[in-house]
Amino acid sequence: MFSKALFKQSAKANFTKWIFVTIPTCVMLAIVIIVLGNLGINDIRDSLKNVFVQADQESYLKENSVDSYELYLTTLTNYNEIAGFGSFLNMVTNNYDGKVADYEQDNGVAPNDEAKQEIIAQVAQEFGRYASFIGKTPEELKVLVTEILNFYIKDTSIKGQNLLDAYFLDQVYVGAYNNEIAKEDVTEQEALDKAEQAKVIAQDAINKYKEDSSASGYVYSRDNYLVIARNYVNTFMYDTVYDMQIDQGESQQSAKEYAVSVKVISNSAISTYQLWLNEYENEDPDNAITTEQIAQARTYACQSISDQIPEKVAIALEELGNMDIYGLIIGSIFYRIAGLLLPMVFVIMTANGLLAGQVDSGSMAYVLSTPTKRRTVTVTQMLYLLFALFSMFALLTCVSVIAVWIVGGNNFAINYVEILLFNLGAFLTMFAIAGYCFMCSAIFNRTKYSLSIGGGLTIFSLVCTILGLFGSQVVPSAMRISAMNFFNYISLITLFDTVSILEGSLNYLWQFGVLFAVGVITFIIGIFRFDKKDLPL
Amino acid sequence: MNETIKVENLTKDYKNNRGIFDINFSVKKGEVFGFVGTNGSGKTTTIRHIMGFCKPDKGNCYVKDLNSLESASEIKKYVEYIPGEIAFPDLPNGTEFLKNQAELLGLKDMTYANELIKKLQLDPTANLKRMSKGMKQKTAIVAGLMADKEILILDEPTTGLDPLMRNVFLEIIEKEKKKGKTILMSSQMFDELETTCDRVALIFDGRIIDIAVVDEIKNSNYINYKIEFNNQKDYKSFKKLKYKIVRDQEKYNQVTVKIEKSNIKKLFKTLTKYDVKFISEVKNSLEKYFKEKLKKGEKNNV
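Reading guide: rules and limits
- Residues numbered from 1 in each chain as written.
- Chains lettered and ligands numbered in written order.
- Predicted model: local features only at pLDDT ≥ 70, side-chain atom pairs only at ≥ 80, totals over all residues.
- Helix = DSSP H or I, 4+ residues; strand = E, 2+ residues; numbered from the N terminus.
- Buried ≥ 20, exposed ≤ 12 C-beta atoms within 10 Å, placed from the backbone.
- Contact = placed C-beta atoms within 7 Å.
- Pairing = 2+ DSSP bridges.
- Right-handed = clockwise from strand over helix to strand, strands pointing away.
- Axes fitted to C-alpha atoms, helices over the stretch in contact; angles between N-to-C directions.
- Left-handed = near helix turned anticlockwise from the far one by under 90°.
- Nonpolar A, V, L, I, M, F, W, Y, C, P; charged D, E, K, R; others polar.
- Core = buried A, V, L, I, M, F, W, Y, C linked by C-beta atoms within 7 Å.
- pLDDT = per-residue confidence, 0-100.

**Some thoughts on the overall build of chain B**
Phase 1 of the analysis: The helix and strand inventory of chain B stands at 11 helices and 14 strands.
Phase 2 of the analysis: Residues classed as buried in chain B amount to 37% of the 302 residues present.
Phase 3 of the analysis: Counting only contacts in chain B whose residues sit at least 6 apart along the sequence, the fraction spanning at least 24 positions is 69%.

Quick look at the structure:
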């Protein structure tokens, strides 16, 4: 099955070709990895990425500022409405306590939950008549009294104004939690944190209200609220960021600078927000501002750089920022196109020369007029072709690994595992192509058919890969022509998926399997066909 | 076993009346068998089937009772081959090629190869691609004969050789024949087959027209004389005599007569009465024999 003499003959005949293909390919690869590695080609990408990261942070910061502002403002407004209810509430709770005491005296036991609810309903009914006194309808007041009493029965030690504050804060907490949990991608913990934060802000707002009002009565006008709310948020942001920076070990000076810059962003967001709200109010002074208008104002206020450029450009820039230029050049351009070209030329020429070329010229007669079986000839020639290909890629692998080591090993944009997989993939692709070319060489007696059918389809595959590149996901969407992706479906090289390797998905495994199978099957077909056919020798 | 090479009903139809049709012959052990025919008549195709390179449509070839196709590599233990097409593997020079060929043959002793190289005055160190046609043919001959096996199959082995080298080659074949080898040799030249072969087959349009025994033709009972007369009168009166005239050229007053060897005396006696310009013997050759055969065949076809 194997003839040493024939193997030697093939090795001698094709050695020059091998050298002239392998060395330039290795040099090309080394240049691609080392030179591009030192050029810092990923710098542009990193800075672009930073822009978007910062834009995201800015956007987040602005949203936070506007939300805090809105919350603070709402708290002030709402609290103002109920601030004087403390004594009224004392009456309500006293009434309730009295009714509970009566119940105990009558029945000898404390009222159960059901009985409590009955008592609450009675109290609410009784106090309904004070509705006009505090500027509410009887129904509204009944609901309010019921809710407050329900809150009160959880802890009867808090009374009067304190009860009112606690109830109010609880309302804020629950409201913030429900609001947050309704959003997408928000975990339970995040919602709880947000609610806690809202409670802190509301507490601050209440404290501020009490502090100011105790000195000079109820002084709040809407214009005052706006200024107070904005100052509060600005200061809150400043303090938080300043403390955070100091905690992270920054100097006081730089912490201050950073905190001020955050304050500026926060202030501008709030200003924008309020300006838009004023604008809406002026447009239609008779009606209250709608929820949609508030949401719109918030969107305008929270825009970052990425929101201000046209959407398509923003997507393209963001993709560019996320794109692995190194992976693209080394994987999709070198290993799938540039680096395959010379080995392909070698395989096309050598596969043809190993069988069809020798049959066509007639020199195969010298081999077959010795006691060498046809099967021995094909197997030996196949082994030579595989040996040449394997040694070529073994060398290429060494060069690539050394080159990656030179530019920084695993810290480099592409790690050792990826570069080894690239080499393996390229080898398997060439293995499949070699099998196919070998099969053509074994089937045809004429060089012209073997070359044009074997080599033609191989080069066709390569050209399709080049064209398909413009439609594949490795090209940013702004430059991508999706129709060109069609070419990827008709190229064998598509089975060598460098993107899958870089992304770490395991798609490449079955694709490697298919490439290997194509190679094995075509080699076998070639060997069997050559056994049977007529040789014009 | 007496028939070293046997071809039975061999047919390979390449369509358009090309190919070989119902070829039958056999070569005995120690015999030199010639194969003659024009270009494209089917010599090489027949040889390819004997070598087991092609699958026949019908019929079989046997070498030492082994089926050529089924035991293609087995028969190569006994067969040496000089292909008609001169093309060498992609190797730098003749020496490399011969060394490689020896390795494929499992041949260790190169004395016979060197002897052949010397006889043919071949310089094997020359670049294979730059060799002249004759040089290439010499290299092919050495590569084909160096293993010294018992059966030789030679496809037009003298093409490209100069007349001197051709004689050297024919001497080599003569020697091989004396060693008792069985030889099948094709050629377009009648004379070289005539000197080396025991039997010669004429193949035309893929069919064997005739197989001639060379000795019989050479030592035929008949002899041909070409006679030219000085005047027309003698020419005409001679024609009236009852000699068998095979060729008549009135313009030159020439006739060619075919007579039995025993009648030569009588002819010369008769001729003394005529004014003869010249008389010459026309030799019996394979070429003449086959040409007559072909003419007859054509007439039969018409």
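**Describing the overall build of chain A**
Phase 1 of the analysis: A count of helical and extended segments in chain A gives 21 helices and 0 strands.
Phase 2 of the analysis: A buried classification covers 33% of the 537 residues belonging to chain A.

**A word on unusual backbone geometry**
Residue and element names in this part refer to chain B.
Phase 1 of the analysis: Unlike most non-glycine residues, Asp148 shows phi in positive territory, near 55 degrees.
Phase 2 of the analysis: Positionally, Asp148 belongs in the loop between helix H5 (133-145) and strand E7 (151-155).
Phase 3 of the analysis: Take Asp148: there are 16 C-beta atoms within 10 Å of it, and that puts it in the partly exposed class.
Phase 4 of the analysis: Positioned with a positive phi, Asp205 is a non-glycine residue whose angle comes to about 50 degrees.
Phase 5 of the analysis: Along the chain, Asp205 falls in the loop between strand E9 (199-204) and strand E10 (207-213).

**Thoughts on the pairing of E7 of chain B**
Residue and element names in this part refer to chain B.
Phase 1 of the analysis: Here E7 lies mainly inside the structure; 5 of its 5 residues are buried.
Phase 2 of the analysis: Both faces of E7 are covered, namely the face carrying Ile151, Ile153 and Asp155 and the face carrying Leu152 and Leu154.
Phase 3 of the analysis: The pairing of strand E6 (residues 79-82) with E7 spans 4 bridges and is parallel. Its bridge partner lying in E7, Tyr81 is registered against Ile153.
Phase 4 of the analysis: Alignment of E7 against strand E8 (residues 182-187), held across 5 bridges, turns out to be parallel. Bridging across to E8, Leu154 finds its partner in Met185.
Phase 5 of the analysis: Assessed by its sense of winding, the connection that carries the chain from E7 through helix H6 (residues 163-178) to E8 is right-handed.

**With respect to the sheet that holds strand E11 (residues 222-229) of chain B**
All names here are of chain B.
Phase 1 of the analysis: One open sheet holds the 4 strands; their spatial order is E12-E13-E11-E14, and the pairing between them is antiparallel. Strands at the two margins of the open sheet, each flanked by one partner only, are strand E12 (244-249) and strand E14 (276-282). With strand direction ignored, the average angle separating the axes of adjacent strands in the sheet is 20 degrees.
Phase 2 of the analysis: In terms of strand pairing, E11 meets strand E13 (residues 254-260) through 7 bridges, oriented antiparallel. Across the sheet, residue Ile223 finds its bridge partner in E13, namely Ile259.
Phase 3 of the analysis: Taken strand by strand, helix H9 (residues 232-240) contacts E11, E12 and E13, and its axis lies near 150 degrees from that of E11.

**Thoughts on the packing of helix H3 (residues 86-107) of chain A against helix H5 (residues 138-152) of chain A**
Residues and elements named next belong to chain A.
Phase 1 of the analysis: Direction vectors running N to C along H3 and H5 enclose 65 degrees, while the axes themselves pass 11 Å from each other. For the crossing formed where H3 meets H5, the hand is right-handed. Across the interface between the two elements, Leu89, Val92, Thr93 and Tyr96 from H3 touch Val145, Ile148, Leu149 and Tyr152 from H5.
Phase 2 of the analysis: A class-by-class count of the residues in the contact of H3 with H5 yields 7 nonpolar, 1 polar and no charged.

**Some thoughts on the interface of chain B and chain A**
Phase 1 of the analysis: Contacts between the two partners involve 22 residues from chain B, matched on the other side by 23 residues from chain A.
Phase 2 of the analysis: Of all the elements, helix H3 (residues 94-105) of chain B adds the most residues to the side of chain B that touches chain A, at 5 residues.
Phase 3 of the analysis: Of the residues belonging to the side of chain B that touches chain A, the class tally is 12 nonpolar, 3 polar and 7 charged.

**Quick notes on the nonpolar core**
Phase 1 of the analysis: Core analysis: the biggest nonpolar cluster contains 133 residues, and Val347 and Ala434 of chain A together with Val142 and Ile153 of chain B have the highest contact counts within it.
Phase 2 of the analysis: Here this core gets 17 residues from one element, more than from any other, and that element is helix H17 (residues 416-443) of chain A.
Phase 3 of the analysis: If we skip the residues at most four places from it in the chain, Ala434 of chain A touches Val347, Ala351, Leu385, Leu389 and Gly519 of chain A.

**Focus on the environment of Met146 of chain B**
Residues and elements named next belong to chain B.
Phase 1 of the analysis: One can find Met146 in the loop between H5 and E7.
Phase 2 of the analysis: Residues Met146 and Leu107 lie 39 residues apart in sequence; the distance between their C-alpha atoms is 8.7 Å.
Phase 3 of the analysis: Sequence-distant contacts of Met146, that is, excluding residues within four places in its chain, are made with Ala102, Leu107, Tyr112, Ala113 and Leu116.

**Describing the sheet that holds strand E5 (residues 66-67) of chain B**
Residues and elements named next belong to chain B.
Phase 1 of the analysis: Taken together, the 4 strands give an open sheet; going across it, the order is E2-E1-E4-E5, and neighbouring strands pair in antiparallel fashion. With partners counted over all chains shown, the strands left at the sheet margins are strand E2 (19-28) and E5, one partner each.
Phase 2 of the analysis: With 7 bridges joining them, strand E1 (residues 3-13) and E2 adopt antiparallel strand pairing. Within E2, the position partnered with Ile5 by the bridge is Val27.

**What to know about the environment of Asn207 of chain A**
Residue and element names in this part refer to chain A.
Phase 1 of the analysis: Mapped onto the secondary structure, Asn207 falls in helix H7 (residues 188-216).
Phase 2 of the analysis: Note on Asn207: 11 C-beta atoms within 10 Å, which makes it exposed.
Phase 3 of the analysis: In this structure, the C-alpha to C-alpha distance between Asn207 and Leu76, residues 131 residues apart in sequence, is 9.9 Å.

**Notes on the packing of helix H9 (residues 252-283) of chain A against helix H10 (residues 291-301) of chain A**
Residue and element names in this part refer to chain A.
Phase 1 of the analysis: Viewed as axis vectors pointing N to C, H9 and H10 meet at an angle of 145 degrees, and their least axial separation amounts to 8 Å. The two elements H9 and H10 meet at a crossing, and its hand is right-handed. Across the interface between the two elements, Ala269, Thr272, Tyr273, Trp276, Leu277 and Tyr280 from H9 touch Gln293, Ala297, Arg298, Tyr300 and Ala301 from H10.
Phase 2 of the analysis: Residue classes in the contact of H9 with H10 are distributed as 8 nonpolar, 2 polar and 1 charged.

**Considerations on the pairing of E8 of chain B**
Residue and element names in this part refer to chain B.
Phase 1 of the analysis: With 6 of 6 residues buried, E8 lies mostly within the body of the structure.
Phase 2 of the analysis: Here E8 shows no split at all, with Thr182, Leu184 and Ser186 on one side and Ile183, Met185 and Ser187 on the other all buried.
Phase 3 of the analysis: Pairing of strand E3 (residues 32-36) with E8, which is carried by 5 bridges, proceeds in the parallel orientation. Pairing of Phe35 across the sheet is with Ser186, part of E8.

**So, the environment of Gly59 of chain B**
Residues and elements named next belong to chain B.
Phase 1 of the analysis: Along the chain, the position of Gly59 falls in strand E4 (residues 58-63).
Phase 2 of the analysis: A count of 17 C-beta atoms within 10 Å places Gly59 in the partly exposed class.
Phase 3 of the analysis: Through-space distance from the C-alpha of Gly59 to that of Val7 is 7.8 Å; in sequence the pair is 52 residues apart.
Phase 4 of the analysis: Leave out the neighbours within four places in its chain, and Gly59 touches Glu8, Asn9, Leu10 and Thr11.

**Focus: helix H1 (residues 43-51) of chain B**
Every α-helical turn comprises 3.6 residues, leaving residues that sit three or four positions apart pointing alike.
Residue and element names in this part refer to chain B.
Phase 1 of the analysis: Of all the 9 residues making up H1, 9 are buried; the element is thus mostly covered by neighbouring parts of the structure.
Phase 2 of the analysis: Within H1, burial applies to Lys43, Thr44, Thr45, Thr46, Ile47, Arg48, His49, Ile50 and Met51.
Phase 3 of the analysis: Backbone geometry just after H1 places Gly52 at a positive phi near 80 degrees.

**With respect to the confidence of the model for chain B**
Phase 1 of the analysis: Chain-level statistics for chain B give a pLDDT mean of 87 and a share of 98% at 70 or above.
Phase 2 of the analysis: Both scores are given for the predicted complex: the pTM is 0.69, the ipTM 0.84.

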